[in-house]
Structures are given as structure tokens and as C-alpha cells.
Amino acid sequence: MQCQVNTKKQNTLNVLLTLSLVLFTSSIAVADQIGSVSTKFKMLGANDKIVIEAFDDPDVAGATCYLSRAKTGGVSGVVGIAEDTSDASIACRQIGPISLPEKVKNGQEDGKEVFKKSTSLLFKSLQVVRFYDAKRNVLVYLTYSDRIIEGSPKNSISIIPITPWH
């Protein structure tokens, strides 16, 4: 009887975990790594690098952002306990026809997180959020780093003027 109860709890936990992963990944973009360059030689482990990644806005078809960010190497970087610096740059472009969802058009989703990458073992992440400037018909993407205790003022923005696509 105890085994049957534990199995039901485990099955429920598995279903909830799967559901939360589906919901989480559907609202935040996943990046494709485009390339990287080494910036600092490390005797042990991988070199420090700048990584270039691309992701499509999960809510706005035709909008793609390219993000360059620092990635710490060494043994701690390979193991996954290194903390990456807050340095990042972003460039976003219209790559196809854009039809804005109503929630984006009316400003309900201003500041919505469209991309997030963990940059340390705990509590620090690099994020990209989206705003819509209705007056100029422009999407604005902001990248910044945050941490539970203290974030970083380092940031970068990019815009996509929405134009007819031919």
C-alpha cells in the first residue's frame, strides 16, 4: 500500500514538473549558439570567451535578437560554478513579416521577459525584456543582468522598426 501511494505521488510530481517545463519554455526563447571567440587563455579548463547567440521572440514572429555575452572559463566555468560578468550587447532585427499580438500592441506586455540565461550557479541571470513604442511603431529590446542582492547597471538596447515585409 505504501509503495502504491509513493508511486501516485511520484507520478503527480512528474506530471507537474513536465507541465511547468512546457509552460516555462513556451514563454521564454531558447538561444542558438552562433559562435564564440576566446578572450583570455586559461591553463586549466576552457578559455574565457565572448559567446554569440540568437533567439527568436517567442511572441512576435519575424523578430530575432542576437546577443553577445561574456562566458567565464577555467575549471570553475567547466564545472558550472563560475560567475559570468554582466557584459552583454544585443542587436535585434526584423527577419520576416511582423504582426503584433494585441497584448503587445496595447502595452500589456511591456517589460515582458523574452529571454533569460543563468550566469552563475545561483541568483544571477542575464535577461532580455521587450517594450513596444506605439508612437513610433518600434519594438525595443533591453538586455541587463540581475542578481537577488545587487543587479548591474550595465545594459544594452536594440530596436526593431516594424516595416512592411516584401
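The structure this text deals with has already been given above.
Throughout, a residue's number is its position along its own chain's written sequence, starting from 1. Residues qualify for local features only when their pLDDT is at least 70, as the model is predicted, and side-chain atom pairs are given and counted only at 80 or more; totals for whole chains, interfaces and linings, by contrast, use all residues. Neither water nor hydrogens contribute to the side-chain values; these are computed over all heavy atoms in the structure.

Q: Quick question: what am I supposed to make of the environment of Ser 152 here?
A: Segments assigned H or I by DSSP are reported as helices when at least four residues long, segments assigned E as strands when at least two residues long, and all are numbered from the N terminus. For Ser 152, the position within the fold is in the loop between strand S7 (138–147) and strand S8 (155–161). Only protein chains enter the accessibility calculation, which uses a 1.4 Å probe; a residue whose area is less than 20% of its type maximum is buried, one above 50% is exposed, and one in between is partly exposed. By relative accessible area, Ser 152 is classed as partly exposed at 22%. Setting aside chain neighbours within four positions, we find Ser 152 in contact with Ser 86 and Ser 145. By the convention used here, residues are in contact when the closest approach between their heavy atoms is within 4.5 Å.

Q: Hey, could you run me through the sheet that holds strand S5 (residues 112–118) in this one?
A: One open sheet holds the 4 strands; their spatial order is S5-S6-S7-S8, and the pairing between them is antiparallel. The open sheet has two edge strands with one neighbour each: S5 and S8. Taken pair by pair, the neighbouring strands of this sheet meet at an average axis angle of 20 degrees, ignoring direction. When DSSP finds at least two bridges between two strands, those strands are taken to pair. For every element, the axis is a line fit to its C-alpha atoms; helices are fit only across the contacting stretch, and the angle between N-to-C directions ranges from 0 to 180 degrees.

Q: What exactly am I supposed to notice about the packing of aromatic side chains here?
A: Ring pairs (aromatic) are described by centroid distance and by the angle formed between their planes. In summary, the pairing rule links any two rings of Phe, Tyr or Trp, Trp by its six-membered ring, whose centres are within 6.5 Å, and it sorts them by plane angle into stacked for under 30 degrees, edge-to-face for over 60 and tilted for everything else. Inspection of the entire model under this criterion finds 1 aromatic pair. Considering the side-chain rings of Phe 55 and Phe 115, the 4.6 Å spacing of their centres and the 10 degrees angle between planes classify their relative orientation as stacked. With Phe 55 in strand S2 (residues 48–56) and Phe 115 in strand S5, this pair connects stretches of sequence that are 60 residues apart. Comparing Phe 55 with Phe 115 shows no difference in burial state: the two are buried.

Q: Explanation requested: the state of the cysteines in the structure shown.
A: Disulfide: a covalent bond formed between the sulfur atoms of two cysteine residues. Two cysteine sulfur atoms form a disulfide, by the criterion used here, when they sit within 2.5 Å. All told, the structure shown has 1 disulfide when counted by the stated rule. The disulfide partner of Cys 65 is Cys 92, and the S-S distance across this bridge is 2.1 Å. Taking the sign of the torsion about the S-S bond as the criterion, the disulfide between Cys 65 and Cys 92, at about 105 degrees, is right-handed. A residue pair is termed long-range when its members are at least 10 positions apart, and Cys 65 in strand S3 (residues 63–71) and Cys 92 in strand S4 (residues 88–94) qualify at 27 residues.

Q: Got a minute to help me understand the nonpolar core in this structure?
A: Note that soluble globular proteins tend to have their nonpolar side chains buried in a common cluster. Residues Ile 98, Leu 100, Val 128, Leu 139 and Tyr 141 are the most contacted members of the largest nonpolar core, which totals 20 residues. Every element with two or more residues in this core is listed here: S3, S4, S5, strand S6 (124–133) and S7. Sequence-distant contacts of Leu 139, that is, excluding residues within four places in its chain, are made with Val 60, Ala 63, Ile 98, Leu 100, Val 104, Arg 130, Phe 131, Tyr 132, Ser 158, Ile 159, Ile 160 and Ile 162. Definition of nonpolar core: a set of buried residues of the types Ala, Val, Leu, Ile, Met, Phe, Trp, Tyr and Cys, connected through side-chain atoms within 4.5 Å.

Q: Please clarify how the sheet that holds strand S1 (residues 32–40) should be interpreted in this entry.
A: Read from one edge of the open sheet, 4 strands run S1-S2-S3-S4, paired in antiparallel fashion. Every interior strand has two partners, whereas the edge strands, S1 and S4, have only one. Across this sheet, the average inter-strand angle for adjacent strands is 15 degrees, counted without regard to direction. Across 7 bridges, the pairing between S1 and S2 is antiparallel. Bridge pairing in S2 links Gln 33 to Glu 53.

Q: What am I meant to see in the pairing of S6 here?
A: Side-chain positions along a regular strand alternate between the two faces of the sheet. Counting buried residues along S6, 8 of its 10 residues qualify, which places the element largely inside the surrounding structure. Direction of pairing for S5 relative to S6: antiparallel, over a ladder of 6 bridges. Each bridged residue has a counterpart across the sheet, and for Phe 115 the counterpart in S6 is Val 128. With 10 bridges joining them, S6 and S7 adopt antiparallel strand pairing. Counterpart to Val 129 in the pairing with S7 is Leu 142.

Q: Would you mind showing me how to read unusual backbone geometry here?
A: Of all residues except glycine, most have a negative phi; of all peptide bonds, most are trans. Phi angles above zero are rare outside glycine, and Asn 137 is one such case at about 55 degrees. Here Asn 137 shows up in the loop between S6 and S7.

So far we have only geometry, and geometry alone does not tell us how the molecule works.
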